[in-house]
Amino acid sequence: MMKHSSRQQYGFTLIEVLLAMAMVAILFTLLYGTFGSSADLIQAAEQEGESYHMARLTIRQLSQELTSVVQSVDGAVFRATEGARCPQIARVEFLDIGEAGDRGGVGFIAVDAEEDDRPVDCLTFATYAHGRYRPDAKESDLSVVTYWLDGDKVMHEEETNLFSLSSKSVESYPLAEGVEGVNFKFFNGTEWVDEWDAGKQGALPHAVEVELRFLLPSAERRVFTTMVSVPRASE
């Protein structure tokens, strides 16, 4: 008589399957959270790096233009007037030489302004820092530049042809975005002041302090400050 041995096959119970699925779900949740946090950190680092980059570009261009600032322009008078894009933005008025005088006005006006408890200062001055990129362009090294804050953008406007009657000679573009405030201060030789009208004072400031306040998407603030010497102030 032959004996047959029976083999029993075992499978997973429902509880074991549910436990395995729960463990897999927990593992994926932990991995997703880790990757999500890493992505947020990378994005925050990129945004902060971008703010540093824009701040450097803005300060570098402003420094180059300030170190080539014009003491005076014959036949030109610089006045502070109301503007559409900036509270009390400074503008430039060009007159006949007989009206403006033999020497002309000093091309440097800065207006201290605030909007919603944030500084939105405006600065206009004449400079020899303009570069001509087209040999046939009706431009010279002399231009008048204006810096102001439009929303969260630092705007740069440049009049490249002072004798043009067309708006085509005016170039305007943003230098930086995500900016909460722009503040200028000016050194008169003894103290720092918030405004400067070289036409009334008859001279340029000795130095300009520039402060840019960036507001990051994470609600953190970054403040960049530099001081630029104005070499023509002693002339």
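Residues numbered from 1 in each chain as written. Predicted model: local features only at pLDDT ≥ 70, side-chain atom pairs only at ≥ 80, totals over all residues. Heavy atoms only, no water.

## So, the sheet that holds strand S10 (residues 179-187)
Taken in spatial order, the 4 strands line up as S11-S10-S13-S14 in an open sheet, and their pairing is antiparallel. Edge positions in the sheet fall to strand S11 (192-193) and strand S14 (221-229), since each of these pairs with one other strand and no more. Relative to S14, strand S13 (residues 207-215) runs antiparallel, the two sharing 9 bridges. Bridging across to S14, Phe214 finds its partner in Arg222. (Pairing = 2+ DSSP bridges. Helix = DSSP H or I, 4+ residues; strand = E, 2+ residues; numbered from the N terminus.)

## Some thoughts on a nonpolar patch on the surface
Taken together, the side chains of Leu14, Val17, Leu18 and Met21 present a nonpolar region at the surface, about 400 Å² in accessible area. The residue Met21 is located in helix H1 (residues 14-66) in this model. (Patch = residues over 30% accessible without salt bridge, like charges linked within 9 Å, V, L, I, M, F, W, Y side chains within 5 Å. Areas by Shrake-Rupley, 256 points an atom, 1.4 Å probe, with all protein chains shown as cover. Salt bridge = Lys/Arg side-chain N within 4 Å of Asp/Glu carboxyl O.)

## Quick notes on the nonpolar core
Of all hydrophobic cores here, the largest spans 32 residues; its most connected members are Phe108, Phe125 and Phe184. Elements with a minimum of two residues in this core: H1, strand S3 (108-111), strand S6 (122-127), strand S7 (143-150), strand S9 (170-176), S10, S13 and S14. At 5 residues, H1 tops the list of elements feeding residues into this core. (Core = buried A, V, L, I, M, F, W, Y, C linked by side-chain atoms within 4.5 Å. Buried < 20%, exposed > 50% of the residue type's maximum accessible area, 1.4 Å probe, protein only.)

## A short note on the side chain of Glu180
If you trace the backbone, Glu180 turns up in strand S10. Residue class for Glu180 comes out buried when judged on its relative accessible area of 18%. Excluding anything up to four places from it in sequence, Glu180 contacts Arg118, Pro119, Leu149, Arg213, Phe214, Leu215 and Arg221. (Contact = heavy atoms within 4.5 Å.)

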